[in-house]
Amino acid sequence: MLTEAENRFFTEVSAGTPMGEYLRRHWHPIAPIAELDERSTKPVRLLGEDLVLYRDRSGTYGLIDRLCPHRRVDLSYGIPEEDGLRCMYHGWMFDETGQCVEQPFEETVHPDGRFKEKVKVTAYPVEPKAGLLWAYLGPAPAPLVPNWEPFTHDDGFVDVCITVLPCNWFQAQENSIDPVHAEWLHAYWAQQLSVDTIFGKPPSHIKIGADAFDYGMIYRRVVQGSSEEDENWLKGRVCLFPYALFIGHTYACHFEWRVPIDDENTLSVMWFLNRVAPGHEPPKQPSIPYWYGEVYDEDGRFRTSHVVNQDIVAWAGQGRIADRTKETLGESDKGVIMLRRMLKEQAALVAEGKDPMSVVRDPVANESLHLPVHDFFGTIAVGPGAGNTAHIPFQHGEPEEAIAAINDVIATWKDAKPAS
Ligand code: FES
Ligand SMILES: [Fe+2]
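Per-chain numbering applies: the sequence of each chain, read as written, is numbered from 1 onward. The order in which chains are written sets their letters, starting at A; the order in which ligands are written sets their numbers, starting at 1. Two thresholds apply to this predicted model, a pLDDT of at least 70 for residue-level local features and 80 or more for giving and counting side-chain atom pairs, whereas whole-chain, interface and lining totals are computed over all residues.

What follows concerns the overall build of the chain. Each helix and strand counted, the chain has 10 helices and 19 strands in total. In this scheme every C-beta is placed from the backbone, and a residue whose C-beta has 20 or more other C-beta atoms within 10 Å is buried, one with 12 or fewer is exposed, and one in between is partly exposed. Counting every position in the chain, which comprises 420 residues, the buried fraction comes to 42%. The contact criterion used is a C-beta to C-beta distance within 7 Å, with each C-beta placed from the backbone. Look at the contacts in the chain between residues 6 or more apart in sequence, and 62% of them connect residues 24 or more apart. Where helices and strands are cited, they refer to DSSP runs of H or I of at least four residues and of E of at least two residues respectively, numbered from the N terminus.

This next bit is on the domain arrangement of the chain. Parsing the chain into structural domains produces domain 1 (27–129) and domain 2 (145–411). Counting residues at the interface gives 15 residues for domain 1, matched by 15 residues for domain 2. For the side of domain 1 that touches domain 2, the element with the highest residue contribution is strand β1 (residues 27–32), accounting for 5 residues. Just so you know the grouping, Ala, Val, Leu, Ile, Met, Phe, Trp, Tyr, Cys and Pro go in nonpolar, Asp, Glu, Lys and Arg go in charged, and all remaining residues, Gly too, go in polar. Tallied by class, residues from the side of domain 1 that touches domain 2 come to 8 nonpolar, 2 polar and 5 charged. The domain boundaries here were taken from an automatic or database domain assignment.

This next bit is on the environment of Leu 273. Take Leu 273: it is sitting in strand β18 (residues 265–275). Since 21 C-beta atoms lie within 10 Å of it, Leu 273 is described here as buried. Leu 273 sits 39 residues away from Ile 312 along the chain, and the two C-alpha atoms are 22 Å apart. In this structure, Leu 273 is in contact with Pro 150, His 153, Gly 156, Val 158, Ala 252, Cys 253 and His 254, ignoring residues within four places of it in sequence.

Position of Arg 45 relative to the elements: it lies in strand β2 (residues 41–46). Look at Arg 45 and you get partly exposed, because 16 C-beta atoms sit within 10 Å. In this structure, the C-alpha to C-alpha distance between Arg 45 and Ile 261, residues 216 residues apart in sequence, is 5.4 Å. When neighbours within four sequence positions are excluded, Arg 45 is seen to be in contact with Asp 50, Ile 261 and Asp 262.

Here the focus is the pairing of strand β15 (residues 237–240). Neither face of β15 is left uncovered, since the one carrying Arg 237 and Cys 239 and the one carrying Val 238 and Leu 240 both have all their residues buried. Pairing geometry for strand β14 (residues 216–223) and β15, over 4 bridges, is antiparallel. In the sheet register, Met 217 faces β15, and the bridge partner there is Cys 239. Where β15 lies against strand β16 (residues 244–248), 3 bridges are found, and the strand directions are antiparallel. Directly across from Cys 239, in β16, lies its bridge partner Leu 245. Any two strands with at least two DSSP bridges between them are considered paired. What sits between β15 and β16 in their antiparallel hairpin is a turn of 3 residues.

Take the sheet that holds strand β10 (residues 126–129) next. The strands making up a sheet associate through backbone hydrogen bonding, with each pair oriented either parallel or antiparallel. Pairing in this open sheet of 3 strands is antiparallel, and the strands run β1-β11-β10 from one edge to the other. Two strands in the sheet have a free side with no partner beyond their single neighbour: β1 and β10. Strand-to-strand twist of the sheet, defined as the mean angle between neighbouring strand axes without regard to direction, takes the value 35 degrees. Comment: axis = line fitted to C-alpha atoms, over the contacting stretch for helices; angle = value between 0 and 180 degrees taken between N-to-C directions.

Our next topic: the sheet that holds β2. Taken in spatial order, the 4 strands line up as β2-β3-β4-β9 in an open sheet, and their pairing is antiparallel. Both outer strands of the open sheet, β2 and β9 (123–124), are each paired with one neighbouring strand and no more. Here β2 runs beside strand β3 (residues 49–55); their pairing, made up of 6 bridges, is antiparallel. Residue Lys 42 lies in a different strand from β3, and its bridge partner there is Leu 53.

In plain words, the nonpolar core is the set of buried Ala, Val, Leu, Ile, Met, Phe, Trp, Tyr and Cys residues that C-beta atoms within 7 Å link up. Of all hydrophobic cores here, the largest spans 94 residues; its most connected members are Ile 30, Leu 53, Ala 135 and Trp 271. Two domains each donate at least three residues to this core, and these are domain 1 (27–129) and domain 2 (145–411).

Another aspect to go through is the pairing of strand β11 (residues 132–136). Counting buried positions over the 5 residues of β11 gives 5, a clear majority of the element. Because side chains alternate across β11, one face comprises the buried residues Leu 132, Trp 134 and Tyr 136, and the other comprises Leu 133 and Ala 135, equally buried. Here 5 bridges tie β1 to β11, and the two strands are oriented antiparallel to one another. Bridged to Pro 29 within β11 is Trp 134. Bridging between β10 and β11 involves 4 bridges; their strand directions are antiparallel. From the neighbouring strand, Glu 127 faces β11, where its bridge partner is Trp 134. Hairpin remark: β10 followed by β11, antiparallel, with 2 residues in the connecting loop; positive phi at Ala 130, about 60 degrees.

Turning our attention to the packing of helix α6 (residues 180–193) against helix α8 (residues 307–317). Here α6 crosses α8 at 115 degrees, and the two axes come no closer than 10 Å. Taken together, the axes of α6 and α8 lie roughly perpendicular to each other. Viewed along their axes, α6 and α8 form a crossing whose handedness is right-handed. Packed against α6, whose contacting residues are His 181, Leu 185, His 186, Trp 189 and Ala 190, the element α8 presents Val 307, Gln 310, Asp 311 and Ala 314 at the interface. When the residues that make up the contact of α6 with α8 are grouped by side-chain class, the tally is 5 nonpolar, 3 polar and 1 charged. Between 65 and 115 degrees an angle is taken as roughly perpendicular, under 35 as roughly parallel, over 145 as roughly antiparallel, and anywhere else as oblique. Here is the rule for handedness: rotate from the far helix to the near one, and if that takes an anticlockwise turn smaller than a right angle the crossing is left-handed, while a clockwise turn gives right-handed.

Before going further, it helps to spend a moment on unusual backbone geometry. Cis rather than trans, the peptide bond between Ala 140 and Pro 141 has omega equal to -5 degrees. Residue placement: Pro 141 occurs in the loop between β11 and β12 (156–165). Along the chain, Phe 241 connects to Pro 242 via a cis peptide bond; the corresponding omega equals 5 degrees. Looking at the element boundaries, Pro 242 is found in the loop between β15 and β16. For Leu 47, which is not glycine, the phi torsion reads 50 degrees and is therefore positive.

Structure representation (C-alpha cells):
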C-alpha cells in the first residue's frame, strides 16, 4: 500500500515531478517512421506536453510546440517546407530547433527587422531507429538511443503496434514485473473466455524471483512441471527501465514500451521481430509496417481476445490512475515492490544530477545492447504459441498481410534443428 503522496510520485509525469524528471532522461518511441512517410505531421502529447512531430521536405524530423507562438493555432495542420514547418495561418516558419526562420508579412514591412530572431518555441531532438521515431525531452547532452540487440538483426519480419491506453503508464509497467498474472489473466481467464491462449494449460506458479540487471530488472518463475534449471528461472524475463517489457526467444522477440502521454493516458508501442531459420531469406521490408491496436469492441467493451487486450483490461480496469492507497499487496507482488524501490533510487540519482540505469552514452557498447533471450527450441517449429501451428497475434487488429508474412517466417523453422 502506498500513501497518496507516494502514488503521485510514481504516476505524475510532468516536468518538475520526480518521475517526470526521471523519464526525461530517456529516449521515447513516439511514432512509426512509416506513419510520417504517409503524412508529414502528427500531433503528439508526451509527458504532458502538447507537441507536433513533423518531417520537412529535406527529410529532417522535428518535434516542437503544438501551438504557434503567433496566435496559437495548431501546427499539426502546418505545412512541411524544405527546411521547417510553416504555420498555415500567417506563414511563420520554424526549424527543428524551434527557431522562427520566416515571418513573411513582418519581413515585407520591416526588411531589416529582426523580430523572428526573438521568436523561438520549445523543440526536442528526434532520431529514427528500428522503424520508430524517438524523442528526448531531457537536458543536454542527450544520451544515445539504446540500440537493443534485436534492432541489429536483419533476418526477420518486423511490425509495430500502437495503442492509446486509457490509464497511467505505471499500471502497465508494474505488469512487466508480475509473472503470476500470466497464469490467471492469460491462461485461466482466457480458457474461461474460450479464446486461443498462447500459454496453453494454466501452469501453477511455485516460486517467483526478481533481481536487478544493467537495464532494469529480471523476473523469474518456476511453474508446475519445471525447475530452477529451466530458462524461465535461469535467464528470466526482462522488465526494461524506464517502462518496457521485453520477451525474447532466439527465433522471435518483442518489446512493449509504455510511453506516458500524460498522467492519465499511455501510448503502448510494441515492436515485434520474427526471425527466419538459419539459411533462409527474410522477407523484404522497405519500411517497417505498423498498425493501430483496437482496445474496444463494437459495444464499447474492452476486447478480451488477445494477450495484450487482456492486459489492457487489467491495467485500464485499475482506473485512470490506480488508487494504491487501497491496494493489498501479497507474495506475488515482490517484483512490484522491488520495482517501486528501484524507481525511487533512480529518481534520487536524477535529483543528484546523475544518469539513471538504462541511459546509454557509450557508442561502442551501443553497437548492440544484449538482452537475455530463451533458446526454447522446442517451440520454434510452432512459433510463439506453444502447441499452435500458426502465429497468434499478441493484440487484436494485426493486419492479415503481417500475419501471413509471420506465418511464412515461422514455416522456415519447420525442419530446423537445434544448433548443438
Ligand atoms: S498563428 Fe501561426 S503564423 Fe499566425
Ligand atoms: Fe500480460
